[in-house]
Amino acid sequence: MLSRSVSLLQQLAKTNNSRRYLSLKQLNPIINRNLAWFSGQSTKKTFGERLKRRLKNFLIVTVIGFGTYYGFTTGWGAVPLLKHIDTEKYEAVCVSPRNYFLMTPLLPPVSVAHCVSVDPKAKVISCNTDGEQPVSRGDDVKTILIPSRRAGGSSSRIIKDSGESIHSFFLNIYLARVRPSLDMKYDILVGSVGSENNTFNTPGIEEHAHFLKEVLDARRIRSAISDAFESAMTPTQTPAKRKRLLHFVVVGGGPTGVEFAAELADLVREDLQIYFPRLVANDVKIALIEALDHILSMRDKQISDYTERHFHRENIDVLMNTFVKEVKQHEVVVQLKGSDELKSIPCSVVVWATGIKPRALTNKLREIIGFDIQSNRMGLTYRSIFTLLFEEADTERRGTLDLQQFRALVERKITEFPQLEIISKSIEKAFEEADKDKSGTLTLAELHSALGKADTKIRALPATAQVASQEGSFVADLLNQLKDTQSNNYEQQSLKSFRYKHMGSLAYVGGDEAVVDFTGSKPILDMFNLKPLSGRSAAYLWKSFYLTEMFTGRTKTLLAFDWVRTQFFGRDISRY
């Protein structure tokens with residue numbers, strides 16, 4: 001009992017040290033909790049009731065997650081390919097700046113070598129571990145130590161150690177672990193380097209905004225949020241500066257921006273509320289900026305409307321039809337649609353989640369092939385490939401193709417290039433339209449014109465994890481089916497073309513609620529008569545989906561225990 005009394009005094013002292021004044025209202029929970037212990041009674045539910053309540057959500061998740069799961073696939077192109085490729089048939093080599101798989105949809109709650117050049121003619125890739133890194137890595141000492149363009153004290157500062165001796169120590173470690181450049185030959189090259197954040201040339205983003213693409217990004221955001229709350233607790237802070245420090249801005253109303261805003265609201269309400277009750281009650285503000293008239297605009301309108309109403313209940317300000325013109329160290333400059341007036345939003349942390357663009361390696365490969373040939377920024381255009389096919393179809397080496405040669409080319413390559421299905425429906429008409437000079441033959445330029453016209457009628461697939469996963473699995477299956485790996489004559493090996501099957505989409509919206517949209521997944525809708533889902537049931541599906549998509553039993557177990565630990569003990573708000 002004496003030790004319990006000492007514990008009570010320590011709690012009071014600790015509370016008194018962390019606050020300038022201690023009201024009776026703030027003392028009541030501590031006193032009542034300790035008096036209940038002395039009397040052997042409890043003012044709260046029993047341990048069994050609390051355990052049952054906390055495990056309820058987790059048990060539902062695990063039952064769904066480890067049971068039979070229909071349809072949804074996610075991940076990135078390279079991982080499904082490596083998972084399914086026949087290693088008895090191929091020696092698979094993965095060149096990546098990471099030695100782990102990064103599940104970026106789970107970055108919001110978190111808050112090796114790399115290829116630098118490709119020579120398609122010599123079939124050689126150049127790799128190195130020095131110089132500019134294509135991604136930010138949690139163990140990238142050079143990224144941590146070398147000064148960046150970000151201004152000191154900005155919301156996106158590079159994490160640095162304050163001790164000079166530690167600085168030198170880690171710098172020596174970095175210099176010691178740099179490995180030389182190397183070249184690697186290949187027989188078949190699969191490019192799956194992903195994408196990077198698109199700033200749309202908005203001033204100040206690189207210097208003052210956070211991205212949410214890598215593990216180090218999540219760590220920086222986590223540190224910035226903790227730093228904002230701790231700085232706001234300083235007694236000398238003015239009310240205006242305190243409100244600026246606790247104003248968090250998320251730019252982008254897509255799935256990434258919505259899920260991060262939701263997770264941040266959960267963090268504030270469930271964890272930071274305990275340590276900073278007065279700040280959370282009076283000063284914290286979260287704003288989500290979207291240029292369109294709805295958030296989650298690619299989803300069903302019911303999903304968008306529900307999310308907007310839910311965010312209103314969660315005290316998340318949604319600023320729609322709003323354009324970000326500039327990001328400064330302590331503010332965001334915005335412009336409303338239809339207005340010439342610029343407005344300033346004071347804030348401390350800005351998270352940029354507006355879109356993606358190709359990585360530097362992809363652009364470099366386009367440059368090597370030639371921008372006049374490789375004009376498509378989203379992927380390798382089949383225009384350059386058909387230059388070789390034209391030569392193959394021109395059996396008489398006349399430099400032109402007649403109708404019969406054109407027909408044979410379309411019929412042979414239709415399984416390899418789905419775009420040709422459009423031409424196959426009316427080969428004669430397509431031939432006549434491409435034959436501009438009415439010579440009865442097609443030149444290489446005229447063939448490109450015909451194929452380009454067919455290409456415009458094909459809608460590009462969205463740059464999502466679901467698409468990349470299906471494409472990765474398809475390429476692995478295709479390579480596994482090849483009977484002759486040295487032959488480019490794929491149509492003789494009875495290979496099917498890629499067909500994307502949309503299985504729906506999910507997004508977490510906070511407060512243990514989520515939204516699920518089945519728009520576009522017509523077979524599933526017809527089979528189960530499913531409609532857009534929202535609420536806690538959708539959150540269970542969201543968690544079970546990502547739990548199921550973990551690639552090993554180890555990672556499934558770690559993720560499940562992380563969720564259970566958070567339910568019992570809350571999130572860790574320490575900085576590291």
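All values reported here derive from a predicted model rather than from experimental measurement. (Residues numbered from 1 in each chain as written. Predicted model: local features only at pLDDT ≥ 70, side-chain atom pairs only at ≥ 80, totals over all residues. Heavy atoms only, no water.)

Draft legend 1. Structural view of the pattern of salt bridges. Per the counting criterion, the structure on display carries 19 salt bridges. With a shortest N-O distance of 2.9 Å, Arg571 and Glu270 are connected by a salt bridge. Residue Arg571 is found in the segment after helix 23 (553-569), and its partner Glu270 is found in helix 11 (residues 255-275); the two are separated by 301 residues along the sequence. Taking the relative accessible area as the measure of exposure, Glu270 reaches 33% and is therefore partly exposed. The salt bridge partner of Asp402 is Arg398, with a shortest N-O separation of 3.4 Å. The class for Arg398 is partly exposed, based on a relative accessible area of 41%. Within this structure, Asp266, Arg269, Glu270, Asp271, Glu314 and Arg571 form a network of salt bridges that share partners. (Salt bridge = Lys/Arg side-chain N within 4 Å of Asp/Glu carboxyl O. Helix = DSSP H or I, 4+ residues; strand = E, 2+ residues; numbered from the N terminus. Buried < 20%, exposed > 50% of the residue type's maximum accessible area, 1.4 Å probe, protein only.)

Draft legend 2. Fine view of the packing of helix 16 (residues 403-413) against helix 18 (residues 427-434). Two elements in contact, helix 16 and helix 18, have axes separated by 10 Å at closest approach and are oriented at 120°. Between helix 16 and helix 18, the angle falls in the class oblique. As helix 16 runs across helix 18, the sense of the crossing is right-handed. Within the contact between the two elements, helix 16 uses Leu403, Phe406, Arg407 and Val410 and helix 18 uses Ile427, Glu428 and Phe431. (Axes fitted to C-alpha atoms, helices over the stretch in contact; angles between N-to-C directions. Parallel < 35°, antiparallel > 145°, perpendicular 65-115°, else oblique. Left-handed = near helix turned anticlockwise from the far one by under 90°. Contact = heavy atoms within 4.5 Å.)

Draft legend 3. Layout of the sheet that holds strand 7 (residues 316-319). In spatial order, the strands read 7-6-5-11; together these four strands make up an open sheet with parallel pairing. Edge positions in the sheet fall to strand 7 and strand 11 (349-352), since each has one partner strand and no second. Sheet twist, expressed as the average angle between the axes of neighbouring strands with direction ignored, equals 20°. Of the pairings in the sheet, the one linking strand 5 (residues 247-251) to strand 11 comprises four bridges and is parallel in character. (Pairing = 2+ DSSP bridges.)

Draft legend 4. View of the packing of aromatic side chains. Counted under the stated rule, the structure contains eight aromatic pairs. When the centroid spacing of 5.2 Å and the interplanar angle of 35° are considered together, the rings of Tyr508 and Trp542 count as tilted. In this pair, Tyr508 is assigned in strand 13 (residues 505-510) and Trp542 in helix 22 (residues 536-549), connecting sequence segments 34 residues apart. Judged by its relative accessible area of 5%, Tyr508 falls in the buried class. Consider the rings of Trp542 and Tyr546, whose centres lie 5.1 Å apart with planes at 80°: the pair is edge-to-face. Remark: Tyr546 and Trp542 occur in helix 22; sequence separation between them is four residues, near one turn of the helix. (Phe/Tyr/Trp six-rings, centres within 6.5 Å; stacked < 30°, edge-to-face > 60°.)

Draft legend 5. Highlighting unusual backbone geometry. We note that Lys123 has phi near 55°; this positive angle belongs to a residue other than glycine. Tracing the backbone through its elements, the reader meets Lys123 in the loop between strand 1 (114-119) and strand 2 (124-128). Residue classification places Lys123 among the partly exposed residues on the basis of a relative accessible area of 39%. Here Leu296, not a glycine, exhibits a phi torsion of approximately 50°, which is positive. As for its position among the elements, Leu296 is in the loop between strand 6 (285-289) and helix 13 (301-313).

Draft legend 6. Fine view of helix 16. Looking at helix 16, one finds that the buried residues are Gln405, Phe406, Leu409, Val410 and Lys413. All buried residues of helix 16 project into a common sector of 135° when viewed along the axis, lining one side. Turned more than 90 degrees from where helix 16 packs its buried face, Gln404 and Glu411 sit exposed. The backbone nitrogen of Gln404 lies 3.2 Å from a side-chain oxygen of the residue at the head of helix 16, namely Asp402. (Arc of directions from axis to C-beta. Polar contact = N/O pair within 3.5 Å; in protein donor to acceptor, adjacent residues only side chain to side chain.)

Draft legend 7. Spotlight on the sheet that holds strand 8 (residues 322-327). Spatially, the three strands line up as an open sheet ordered 8-9-10, and their pairing is antiparallel. Sheet topology places strand 8 and strand 10 (342-346) at the edges, where each strand pairs with a single neighbour. Direction aside, the axes of adjacent strands within the sheet are offset by 35° on average. The sheet contact formed by strand 8 and strand 9 (residues 331-336) spans five bridges and is antiparallel. Across the sheet, residue Phe323 finds its bridge partner in strand 9, namely Gln335.

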